Amino acid sequence: MDHLALDTAVERLTTLGPQRVWSLLVTVFGDLAQNKGDGIDGPVLSALMADMHIKPEATRVALHRLRNDNWIISAKHGRTSRHSLTEHGRQISAAANPRIYGLPQDIVQSWQLVMLESTSSQSREAMEELGFAPLMPRIYVGAGDAIPPKDTLALPAASVPAWLSAQFEPKDLVQDYAALHSTLIQLDQALSKDHKLNPRQAAVLRCAIVHSWRRLVLRHPNLPRQLYSDDWRGHDCRVLVMSLLTRLPRPVLSEVALG
């Protein structure tokens, strides 16, 4: 993949949705520097963000916000600042790892119906945090391994009628997933097996892929493929994302600094 093709791919990925620089930074640290003791030196971070078409002043403002929100801590190492995730940032990033990096074959295919005692017994937000999607008042669907709240009626289910997936599928994400799927297919074709990317280029492309995927996959419950319509490309995107990340192993930070 030549420099122009790489730059085009990164631009397409980072402009698929609203560009929130602080969110992109969360992706960069979550993917490249999530472990305790990991840090990204200021010049390296600036280079990575510049390669993703982010202006230096926007990066500085986003870093300031993340420091205030207890996501990022910055410390001087000689004349250079080094930025790291806080313990709070590492914990939240680690909690999201199964959703972001889960392999397609690890996604549970069984599902269940759950009925609550009343519409007020659990909030919709609380149920979605547990991995359930609303079907109708008091009734939710979820993956077979999702743990429902106490005092609920949980029924294992098998076949899925077409009207069911059409009823609760998040319509606002259908087109977003379709656009991401199309972009990932193009990238998969462009990234030939004999591609030559240096560590910095690999880091930039990885972060662009993870960010475009993360901004969608964390916005809905993790449900089996059979609960979605044929137009839903979320699970197809997972297959492509995991394949691409396998071909773009996470680079060592010290090597990224060398470009």
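Analysis parameters
- Residues numbered from 1 in each chain as written.
- Predicted model: local features only at pLDDT ≥ 70, side-chain atom pairs only at ≥ 80, totals over all residues.
- Heavy atoms only, no water.
- Helix = DSSP H or I, 4+ residues; strand = E, 2+ residues; numbered from the N terminus.
- Rg over C-alpha atoms; globule rule 2.2 N^0.38 Å.
- Buried < 20%, exposed > 50% of the residue type's maximum accessible area, 1.4 Å probe, protein only.
- Contact = heavy atoms within 4.5 Å.
- Areas by Shrake-Rupley, 256 points an atom, 1.4 Å probe, with all protein chains shown as cover.
- Lys, Arg positive; Asp, Glu negative; His and termini not counted.
- Charge placed at Lys NZ, Arg CZ, Asp CG, Glu CD.
- Phe/Tyr/Trp six-rings, centres within 6.5 Å; stacked < 30°, edge-to-face > 60°.
- Lys NZ or Arg CZ within 6 Å of the ring centre and 35° of its normal.
- Pairing = 2+ DSSP bridges.
- Core = buried A, V, L, I, M, F, W, Y, C linked by side-chain atoms within 4.5 Å.
- Axes fitted to C-alpha atoms, helices over the stretch in contact; angles between N-to-C directions.
- 1 Å grid on protein atoms, 1.4 Å probe; cavity = no way out; pocket = protein on both sides within 12 Å on 5 of 7 lines; lining within 4 Å.
- Points joined across faces, edges and corners; volume = space filled by probe spheres on them.
- Nonpolar A, V, L, I, M, F, W, Y, C, P; charged D, E, K, R; others polar.

1. Describing the overall build of the protein
The number of helices and strands found in the protein is 11 helices and seven strands. Relative to the globule expectation of 18 Å for 259 residues, the C-alpha radius of gyration of the protein, 20 Å, shows essentially globular dimensions. Judged by the C-alpha coordinates and their principal axes, the protein covers about 60 × 40 × 25 Å. A total of 259 residues make up the protein; the buried ones form 46% of that total. Restricting to contacts in the protein with at least 6 residues of sequence separation, those with at least 24 account for 77%. A total of about 13400 Å² of accessible surface is found on the protein, and carbon and sulfur atoms cover 53% of it. Within the protein, one finds 28 positive and 26 negative side-chain charges whose respective centroids are separated by 5 Å.

2. Description of the packing of aromatic side chains
What the rule picks out here adds up to three aromatic pairs. Centre to centre, the rings of Tyr228 and Trp232 are 4.5 Å apart; their planes meet at 15 degrees, and the pair counts as stacked. Clustering of aromatic rings is evident, with ring pairs tying together Tyr177, Trp213, Tyr228 and Trp232. Above the ring of Tyr101, the side-chain terminus of Arg250 is found at 5.7 Å from the ring centroid.

3. Notes on the pairing of strand E2 (residues 72–77)
Direction of pairing for E2 relative to strand E3 (residues 80–85): antiparallel, over a ladder of six bridges. If you follow Ile73 over to E3, its bridge partner there is Ser84. Counting the residues between successive antiparallel strands, the hairpin from E2 to E3 contains two residues, one of them, Gly78, with a positive phi of roughly 70 degrees.

4. A word on the nonpolar core
Counting residues in hydrophobic clusters, the biggest one holds 66 residues, and the most contacted among them are Val28, Met49, Leu184, Leu205, Ile209 and Trp213. Once you skip the residues sitting within four places of it in the chain, Trp213 turns out to touch Arg99, Ile100, Tyr177, Leu180, Gly234, Cys237, Arg238, Val241 and Met242. One finds Leu116, Phe132, Tyr140 and Ala146 within the second-largest nonpolar core, a separate group that totals six residues.

5. Quick notes on the sheet that holds E3
Two orientations exist for strands paired in a sheet by backbone hydrogen bonds: parallel and antiparallel. Across the sheet, three strands lie side by side as E1-E3-E2; this open sheet has antiparallel pairing. Two strands lie at the open edges of the sheet, namely strand E1 (40–41) and E2, each paired on one side alone. Relative to the sheet, helix H4 (residues 56–68) contacts E2 and E3, its axis offset from that of E2 by approximately 110 degrees.

6. Some words on the layout of surface pockets
Of the pockets and cavities examined, the largest pocket occupies roughly 850 Å³. Every residue lining the largest pocket is counted, 40 residues in all, and those nearest its centre are Ala95, Ala96, Arg99, Ile100 and Leu218. Listing elements by their share of the lining of the largest pocket, those giving two or more residues are helix H2 (21–32), helix H5 (87–101), helix H6 (124–129) and helix H9 (199–217). Ranked by residue count, the leading element in the lining of the largest pocket is H5, at nine residues. In terms of residue class, the lining of the largest pocket is built from 20 nonpolar, 10 polar and 10 charged.

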